Structures are given as C-alpha cells and as structure tokens.
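A look at the structure
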Amino acid sequence: MITTAILTGDIVNSRETSPKIWLPYLKEGLNAYGKEPHHWEVYRGDSFQLETIPERALEAAYFIKAILKQKKGVDVRIAIGLGEKDYHSEKITESNGSAFIRSGECFQNLKKTNLALRSSTLEFDEILNLSLKLMALTADNWLPATARVVKTTLANPEASQKELVPILEKSQSTISEALLRAGYDELQQLLVFYKTKVTKL
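Residues numbered from 1 in each chain as written. Predicted model: local features only at pLDDT ≥ 70, side-chain atom pairs only at ≥ 80, totals over all residues. Heavy atoms only, no water.

Read from one edge of the open sheet, 5 strands run 2-3-1-4-5, paired in mixed fashion. Of all strands in the sheet, those bounded by a partner on one side alone are strand 2 (40-43) and strand 5 (115-118). With strand direction ignored, the average angle separating the axes of adjacent strands in the sheet is 15°. As paired strands, strand 4 (residues 75-83) and strand 5 are joined by 4 bridges and run parallel to one another. Among the inter-strand pairings, Ile78 is bridged to a residue of strand 5, identified as Leu115. This element, helix 1 (residues 19-31), spans strand 1 (4-12), strand 2 and strand 3 (47-52) of the sheet and lies at about 160° to strand 2. Sheet contacts for helix 4 (residues 122-139): strand 4 and strand 5; angle to strand 5, the most-contacted strand, approximately 175°. (Pairing = 2+ DSSP bridges. Helix = DSSP H or I, 4+ residues; strand = E, 2+ residues; numbered from the N terminus. Axes fitted to C-alpha atoms, helices over the stretch in contact; angles between N-to-C directions. Contact = heavy atoms within 4.5 Å.)

Glancing now at the packing of aromatic side chains. A full pass over the atoms with the stated rule returns 2 aromatic pairs. Judged by centre distance (5.9 Å) and plane angle (65°), the ring pair of Tyr33 and Phe63 falls under edge-to-face. Of this pair, Tyr33 sits in the loop between helix 1 and strand 2 while Phe63 sits in helix 2 (residues 57-68); the two residues are 30 residues apart in sequence, bridging distant segments of the chain. With 6.3 Å between their ring centres and 35° between their planes, Phe124 and Tyr194 make a pair best called tilted. Here Tyr194 lies in helix 8 (residues 184-198) and Phe124 lies in helix 4, a separation of 70 residues in the sequence. Judged by its relative accessible area of 0%, Tyr194 is buried. (Phe/Tyr/Trp six-rings, centres within 6.5 Å; stacked < 30°, edge-to-face > 60°. Buried < 20%, exposed > 50% of the residue type's maximum accessible area, 1.4 Å probe, protein only.)

Inspection of the entire model under this criterion finds 2 cavities of 30 Å³ or more. In this structure, the largest cavity spans a volume of roughly 50 Å³. Residue lining of the largest cavity: Tyr62, Lys65, Thr113, Asn114, Leu115, Leu132, Met135, Ala136, Ala139 and Asp140, and that is the complete set. Elements that contribute at least two residues to the lining of the largest cavity include exactly helix 2 and helix 4. Within the lining of the largest cavity, the residues separate by chemical class into 6 nonpolar, 2 polar and 2 charged. One number sums up the size of the second largest cavity: a volume of about 40 Å³. For the second largest cavity, the full set of lining residues is Ala61, Lys65, Val76, Ile78, Asn114 and Leu115. Counting only elements with at least two residues in the lining of the second largest cavity, the list comes to helix 2 and strand 4. Grouping the amino acids of the lining of the second largest cavity by side-chain chemistry returns 4 nonpolar, 1 polar and 1 charged. (1 Å grid on protein atoms, 1.4 Å probe; cavity = no way out; pocket = protein on both sides within 12 Å on 5 of 7 lines; lining within 4 Å. Points joined across faces, edges and corners; volume = space filled by probe spheres on them. Nonpolar A, V, L, I, M, F, W, Y, C, P; charged D, E, K, R; others polar.)

Before going further, it helps to spend a moment on the nonpolar core. The nonpolar side chains of a soluble globular protein tend to be buried with one another. Of all hydrophobic cores here, the largest spans 50 residues; its most connected members are Leu58, Tyr62, Ile80 and Trp142. Element by element, the count of residues in this core is highest for helix 2, at 10 residues. Not counting the four nearest positions on each side in its chain, Trp142 is found in contact with Tyr62, Lys65, Ala66, Lys69, Met135, Ala147, Val150, Ala182 and Leu187. Core analysis: the second largest hydrophobic core is formed by 5 residues, Ala79, Phe107, Leu110 and Ala116 among them. (Core = buried A, V, L, I, M, F, W, Y, C linked by side-chain atoms within 4.5 Å.)

Here the residue pair Glu36 and Pro37 is connected by a cis peptide bond, since its omega of 0° sits within 30 degrees of zero. As for its position among the elements, Pro37 is in the loop between helix 1 and strand 2. One non-glycine residue, Arg44, lies in the positive phi region at around 50°. You can see Arg44 is positioned in the loop between strand 2 and strand 3. Phi is positive for Glu169, which is not a glycine, with a value near 55°. Locating Glu169 in the fold gives a position in the loop between helix 6 (161-168) and helix 7 (172-182).

Below you can see the structure in the form of structure tokens.
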C-alpha cells in the first residue's frame, strides 16, 4: 500500500557553488510542498528530504529542478520512494517506513541519472525510470531562462501563456518557444501518466 512519497535529494556539484546562490531557491521549492521540519528538511549542508502525497511527488521533483536550474551551473539529484510511513516524528528526517527506505536505497543507486523512483511494483518502476531517463535528455539541459519559464508554468497550472506574460515579463511567443525547448508538453504527458498509474498501485 502506498500512503506517502519521500523525496531524497542533493545539489549536484554543490562545492563549486556557494550555498548563498542555491539555498534560497531550494527552500522556496520545498516550501511549495509543505512546512519545515515536519514535511521537509535540509541537512548535511546540501542534502534534503521532502514528504508529499504520491500524486504530487514527480511534479515536486521537476518543480525543484526547474527552480534550482534558474541559477547557472546548479542542478539537483532526486530519488523518489513510494510506500508507507510507519514512524511519525516532528522532523521528517527522523520519521521512518518503507517509503523512506526505498527513497534512500534509490538515492544510493543514482549514478548516471539525476532522477529515479522506487516503489513496491517493479514493472511500474521500470516503465517510469525509463521515461525519466528520456525526459532527462531535455530537462538536464534546461538553461536558466528556460527553467524560469518551466517553474512559473508549473506554479501556475491554470494560467494560460497569455496570463503568464505579466508574471514573466516576456512576450507570449518567447514563453511558447521556451516551453517548446523545455519539452513541457512531454513533461505534462509524463506527469499525467504518472498520476494515473500511481493511484492504481
């Protein structure tokens, strides 16, 4: 049974970039999905853990990625664990359960990819992780301006491109081109596919 999703992550090449540059962005991304320290914590300098509902886990991972990639040279690795939360603590890093174990194991196995997922269903994991690798061909190369458009679009899911113009202070055609470069339509299809499948696990 899946009751929660745990995201375990860290900043790629964090030693090469001052925390002053990326930490405010990371906290902004985490704050969009809960409160510190019950839902998220930053620990060991550049690592973090976030708990969210399973349906929002993949969206949260891409939102955090987009928000951090607004800064040149910054990226993030994230492992999503789906499962149960058996032990509840005031601090997310002190809680436990199968979702935490799967997230930690998945994170330890992140090698050539920056985003992966583990649940109790192998077939689901294989399909999703292949899809994530394909999406990474585009998402890992988001430039700061593109990442900002993706982040703003994800943060305003009901807004049309026209309504994003005053927020981004860019023309509609520029926004459209950025979303095309970002593979945003494909990302949305992946998120819908994930939500549909995860509710049936």
